[in-house]
Amino acid sequence: MTNGRWRKPAFDRVIVFDLDDTLYLERNYVESGLRAVGAWARACLGLDGLEPMMLARFAAGNRTRIFDDSLAAAGVAPAPALIARMLSVYRQHRPAIHLEADVEAFFDCPAPRTGFAVITDGFIDAQRRKIRALDLFSRGIALGICTDRWGRDAWKPHPRAYLHAQAFFGLEPECFTYVADNPAKDFHAPIVLGWDTVRIVRPGSLHEGAACEKTAQAHRVIDNLQQF
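Positions within a chain are numbered from 1, following the residues in the order the chain's sequence is written. Given that the model is predicted, a residue must reach a pLDDT of at least 70 before its local features are reported, and side-chain atom pairs must reach 80 or more before they are shown or counted; all residues, however, enter totals for whole chains, interfaces and linings. Side-chain numbers here rest on the full set of heavy atoms in the structure, without hydrogens or water.

Caption draft 1: Looking closely at helix α3 (residues 66–73). Taken as a whole, α3 has its buried residues at Ile66, Phe67, Asp68, Ser70 and Leu71. Here the buried face of α3 lies against α1 (26–45), α2 (50–59) and α4 (80–92). A helix here means a DSSP run of H or I that spans at least four residues, while a strand means a run of E at least two residues long, and both kinds are numbered starting from the N terminus. Residue Gly75 follows α3 closely and has a positive phi angle near 85 degrees. Remark: exposure states derive from per-residue accessible area (1.4 Å probe, protein chains only) relative to the maximum for the residue type, with buried under 20%, exposed over 50%, and partly exposed in between. Residue contacts are defined here by distance: any two heavy atoms, one from each residue, within 4.5 Å place the two residues in contact.

Have a look at this one:
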């Protein structure tokens, strides 16, 4: 996934970003998706109260059974086919998300001779919709890699996406910096490859309190890109 208007210039360095909870807050995407599912449930199932129940469960920390538990509370059996349809609505909705203010400022004043890319896990249709909703290619992102293009086995911490970025830009590993939020998967491959790594810990992010024990720790930790 590349910017079709982009022509490969000579870069001295490349900053590669994770997407979710790095460039925007993932909870905004989740809430956007739950609202889309709620609207669908009103129109197709006649369930007016499903949306607030789902949003409340997410706010309370539920991350795995929001649809099942909300349907059951509404008196509807959470049949597998119904859950699958709700997941489809969730993943295919048009996200109501935005870049964080520090990200906007960062892209407004790019460093000279610096290229930008994104590497993101997740179901490919949903991730591509996020990239479009954030209008990343107009902000200077030259390469957007959805790891799901190669299948679930290529999701992070698999190194394939990082190697693809190296080949695309034609630079040595020491010229790359990876900025991401999740120490459980984000930093293993780039550290092994010799990249610089930066963990961003955004207030309100889903992995804000994630411990770094038994995970790959980034070389630096920041809480916004103005500290980069």
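Caption draft 2: Summary view of the packing of α3 against α4. Lines fitted to C-alpha atoms define the axes, with helix axes restricted to the stretch in contact, and inter-axis angles between N-to-C directions lie between 0 and 180 degrees. Put simply, α3 and α4 touch, their axes get as near as 10 Å, and they point 120 degrees apart. With respect to their mutual orientation, α3 and α4 come out oblique. Remark: the crossing between α3 and α4 carries right-handed chirality. Every residue of α4 that contacts α3 at Phe67, Asp68 and Leu71 is listed here: Leu82, Ile83, Met86, Leu87 and Tyr90. Think of it as three bins: nonpolar holds Ala, Val, Leu, Ile, Met, Phe, Trp, Tyr, Cys and Pro, charged holds Asp, Glu, Lys and Arg, and polar takes everything else, Gly as well. Classifying every residue of the contact of α3 with α4 gives 7 nonpolar, no polar and 1 charged. Here roughly perpendicular refers to angles of 65 to 115 degrees, roughly parallel to angles under 35, roughly antiparallel to angles over 145, and oblique to all remaining angles. By definition, turning the near helix anticlockwise from the far helix through less than a right angle yields a left-handed crossing, and turning it clockwise yields a right-handed one.

Caption draft 3: Region of interest: α2. Regarding α2, the residues found buried are Leu50, Glu51, Met54, Leu55 and Phe58. Here the buried residues of α2 occupy an arc of 125 degrees about the axis, which is enough to place them on one side. The secondary structure elements touched by the buried residues of α2 are α1, α3 and α4. Directions from the helix axis toward the C-beta atoms define the arc.

Caption draft 4: Representation of the packing of α1 against α4 in the model. One way to put it is that α1 packs onto α4 with a least axis distance of 8 Å and a crossing angle of 125 degrees. If you check the angle between α1 and α4, you find them oblique. Judged by the sense of rotation from one axis to the other, the crossing of α1 with α4 is right-handed. Here Tyr29, Val30, Gly33, Leu34, Ala36, Val37, Trp40 and Leu45 of α1 lie close against α4, whose contacting residues are Leu82, Arg85, Met86, Val89, Tyr90 and Arg91. Split by residue class, the contact of α1 with α4 holds 11 nonpolar, 1 polar and 2 charged.

Caption draft 5: Broad picture of the packing of aromatic side chains. Centres within 6.5 Å make a pair out of two Phe, Tyr or Trp rings, where for Trp the six-membered ring is used; the pair is then stacked when the planes are under 30 degrees apart, edge-to-face when over 60, and tilted otherwise. Taken as a whole and assessed by the stated rule, the structure comprises 17 aromatic pairs. Residues Phe106 and Phe116 carry aromatic rings whose centres are separated by 6.0 Å and whose planes lie at 65 degrees to one another, so their mutual orientation is edge-to-face. Here Phe106, found in helix α5 (residues 101–108), pairs with Phe116, found in strand β2 (residues 114–120); they are 10 residues apart in sequence, far enough to count as distant. For the pair Phe106 and Phe116, a shared accessibility class is recorded, and that class is buried. An angle of 15 degrees between the planes, with centres 4.7 Å apart, marks the rings of Phe176 and Trp195 as stacked. Residue Phe176 is located in strand β4 (residues 176–180), and its partner Trp195 is located in the loop between α8 (188–193) and β5 (196–200); the two are separated by 19 residues in the primary sequence. Taking relative accessible area as the criterion, Phe176 reaches 0% and is therefore assigned buried. Criterion for a charge above a ring: Lys NZ or Arg CZ within 6 Å of the ring centre, and within 35 degrees of the ring normal. One residue, Arg91, lies across the ring of Phe123, its end atom 3.7 Å from the ring centre.

Caption draft 6: The arrangement of the pattern of salt bridges in detail. A pair is scored as a salt bridge if a Lys or Arg side-chain nitrogen falls within 4 Å of a carboxyl oxygen belonging to Asp or Glu. Within this structure, the stated rule accounts for 12 salt bridges. In this structure, the salt-bridge partner of Arg202 is Asp102, at a minimum N-O distance of 2.8 Å. In this pair, Arg202 is assigned in the loop between β5 and β6 (220–222) and Asp102 in helix α5, connecting sequence segments 100 residues apart. Linking Glu104 and Arg139 is a salt bridge whose minimum nitrogen-to-oxygen distance equals 2.3 Å.

Caption draft 7: Representation of the environment of Arg149. Mapped onto the elements, Arg149 comes out in the loop between β3 (141–146) and α7 (160–169). Judged by relative accessible area, which is 42%, Arg149 ranks as partly exposed. Each C-alpha atom of the pair Arg149 and Gln127 lies 11 Å from the other, and the pair is 22 residues apart in sequence.

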